[in-house]
Amino acid sequence: MKRTRFFYLGWLLVLIQSPALAAGKYHFEPGDAVLTNCREIYTKGVVKAKVDDGYTVHFPKGSGPIQCPPFRWHAEFVLPYQSVAEYRLKFLGGLKNDLLFKVGESVSFRFDTDRRVVNNQATIDIDAQITDISSNGAIAVKLLSTSPEAAATFWQSVGGNYVDLRHKSLEPERAKRSR
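Residue positions are given per chain, counting from 1 as you read along its sequence in written order. Per-residue local features are limited, in this predicted model, to residues with pLDDT of at least 70; the limit for side-chain atom pairs, both in listing and counting, is 80 or more; totals at the level of whole chains, interfaces and linings are taken over all residues. Each side-chain value is derived from all of the structure's non-hydrogen atoms; neither hydrogens nor water enter the calculation.

With respect to the overall build of the protein chain
Stage number 1. By the criteria applied, helices consist of DSSP H or I runs no shorter than four residues and strands consist of E runs no shorter than two, each listed in order from the N terminus. Looking only at helices and strands, the protein chain features three helices and 12 strands.
Stage number 2. Residue burial is assigned from relative accessible area. The probe radius is 1.4 Å, only protein chains are included, and a residue is buried under 20% of its type maximum, exposed over 50%, and partly exposed in between. Within the protein chain, the fraction of its 179 residues that count as buried is 34%.
Stage number 3. In the protein chain, once contacts between residues fewer than 6 apart in sequence are set aside, the share between residues at least 24 apart is 52%.
Stage number 4. Surface accessibility follows the Shrake-Rupley procedure with a 1.4 Å probe radius. Residue values consider only the protein chains on display as shielding. Total accessible area on the protein chain is roughly 11,300 Å²; 56% of this is exposed by carbon and sulfur atoms. Contact between two residues is taken to exist if any of their heavy atoms lie within 4.5 Å; hydrogens are not considered.

Thoughts on the pairing of strand 10 (residues 123–134)
Stage number 1. Pairing between strand 6 (residues 83–84) and strand 10: two bridges, direction antiparallel. What sits directly across from Ser83, in strand 10, is Ser134.
Stage number 2. As judged from the five bridges shared by strand 10 and strand 11 (residues 138–143), these two strands associate in the antiparallel manner. Along strand 11, the bridge assignment pairs Gln129 with Lys142.
Stage number 3. In textbook terms, the turn of a hairpin is the stretch between consecutive antiparallel strands, and for strand 10 and strand 11 this stretch comprises three residues, one of which, Gly137, has a positive phi near 90 degrees. Two strands qualify as a pair provided DSSP detects at least 2 bridges between them.

Digging into the pairing of strand 11
Stage number 1. The pairing of strand 11 with strand 12 (residues 162–164) spans three bridges and is antiparallel. Counterpart to Ala138 in the pairing with strand 12 is Asp164.

Re the nonpolar core
Stage number 1. Side-chain atoms within 4.5 Å are what join buried Ala, Val, Leu, Ile, Met, Phe, Trp, Tyr and Cys residues into a set we call a nonpolar core. In this structure, Phe101, Val107, Phe109, Ile139 and Val141 are the most contacted members of the largest nonpolar core, which totals 21 residues.
Stage number 2. Only strand 7 (86–89), strand 8 (99–102), strand 9 (106–112), strand 10, strand 11 and helix 2 (148–157) provide two or more residues apiece to this core.
Stage number 3. Among the elements that make up this core, the one with the highest residue count is strand 10 (five residues).
Stage number 4. With near-sequence residues (within four places) excluded, Ile139 lies in contact with Val107, Phe109, Ile130, Asp132, Ile133, Asn161, Tyr162, Val163, Leu165 and Leu170.

Quick notes on unusual backbone geometry
Stage number 1. For Arg39, which is not a glycine, the phi torsion comes out positive at approximately 55 degrees.
Stage number 2. Here Arg39 shows up in the loop between strand 1 (33–38) and strand 2 (41–51).
Stage number 3. Backbone geometry at Glu40 places phi at a positive 65 degrees, although glycine is not the residue there.
Stage number 4. Tracing the backbone shows Glu40 in the loop between strand 1 and strand 2.

Description of the side chain of His167
Stage number 1. On the secondary structure map, His167 appears in the loop between strand 12 and helix 3 (171–178).
Stage number 2. We classify His167 as buried; its relative accessible area is 8%.
Stage number 3. In this view, His167 contacts Arg39, Glu40, Ile41, Phe111 and Arg174; residues no more than four positions away in its chain are not counted.

Digging into the pattern of salt bridges
Stage number 1. Within this document, salt bridges are pairs made up of a side-chain nitrogen of Lys or Arg and a carboxyl oxygen of Asp or Glu, the two lying within 4 Å of each other. Taken as a whole and judged by the stated rule, the model has eight salt bridges.
Stage number 2. For Lys168, the salt bridge is made with Asp112, and the minimal N-O distance between the two is 3.9 Å. Of this pair, Lys168 sits in the loop between strand 12 and helix 3 while Asp112 sits in strand 9, placing them 56 residues apart in sequence. By the burial criterion, Lys168 is exposed, and Asp112 matches it.
Stage number 3. For Arg166, the salt bridge goes to Asp164, with nearest N and O atoms at 2.7 Å.
Stage number 4. Arg166 sits in the partly exposed class, given a relative accessible area of 38%.
Stage number 5. Among the residues examined, Asp164 registers a relative accessible area of 6% and is labelled buried.

Considering the packing of aromatic side chains
Stage number 1. Only the six-membered ring of Trp is used, alongside the rings of Phe and Tyr, when aromatic pairs are assigned; centres must lie within 6.5 Å, and planes under 30 degrees apart are stacked while those over 60 apart are edge-to-face, with the rest tilted. All chains considered together, the criterion is met by six aromatic pairs.
Stage number 2. Relative to Trp73, the ring of Phe59 has its centre 6.2 Å away and its plane inclined at 80 degrees; by these criteria the two rings are edge-to-face. Separated by 14 residues along the polypeptide, Phe59 in the loop between strand 3 (54–58) and strand 4 (72–74) and Trp73 in strand 4 bring together distant segments of the chain.
Stage number 3. Judged by its relative accessible area of 11%, Phe59 is buried.
Stage number 4. With a relative accessible area of 6%, Trp73 lands in the buried category.
Stage number 5. Centroid distance Phe154 to Trp155: 5.1 Å. Interplanar angle 85 degrees. Geometry classified as edge-to-face.
Stage number 6. Using a relative accessible area of 1% as the deciding quantity, one classes Phe154 as buried.
Stage number 7. A network of ring pairs unites the aromatic residues Tyr26, Phe28 and Tyr55 as a single cluster.

Following this line, the structure appears as C-alpha cells:
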C-alpha cells in the first residue's frame, strides 16, 4: 500500500511540474548573464536577443570549448547564472547526506581519453580547483594537474566552462566525499 501511495505521489508531482517545464521556467532579457547547457557542461554567456523558441547568446573569448552550436539556444537549455560561495548537492530527497562543495576546494575529475590526444590510457584523472560555483550546481575550475596528457584532456573537455556536479566525470569525487 505504501508503495502505491509513493507511486501516485510521484506522478502527481510530475503532472504539477510538467506545464512549468514545457512553457520554459525562465524569461531572460538582453544583457542577462546565463549558462547554456551542452551535455552537462555549461558555458557562461550573455543573452543578446530573444528568438522564437529560445535565445541568441554571446560568449566571451576563451569560453570554449563549446561542444554544441554556439549561437541560438532553445529555452530549455538556457539557465540563469548566479554565483554562490558553496553548493550542497542533495541525494534521494535528503535520505543521504548532502555533499558540500566550496569555492577554493580541489576536486578530481576522471575523463575517458581521446585516442588522438592520449593513446596509452583509457581514462585520466585530473585535479582542479573550484574557482566559481553557480546556483544551479555547476562549477568552474582551474587546472592543477601538471601532466601534459591531463592538461590536454582538460582543455579539450572542460576548458573555461562550468561542469555540473552531477556529471559522470565527477563520480570519483562524489564517492570520495560521501564516505
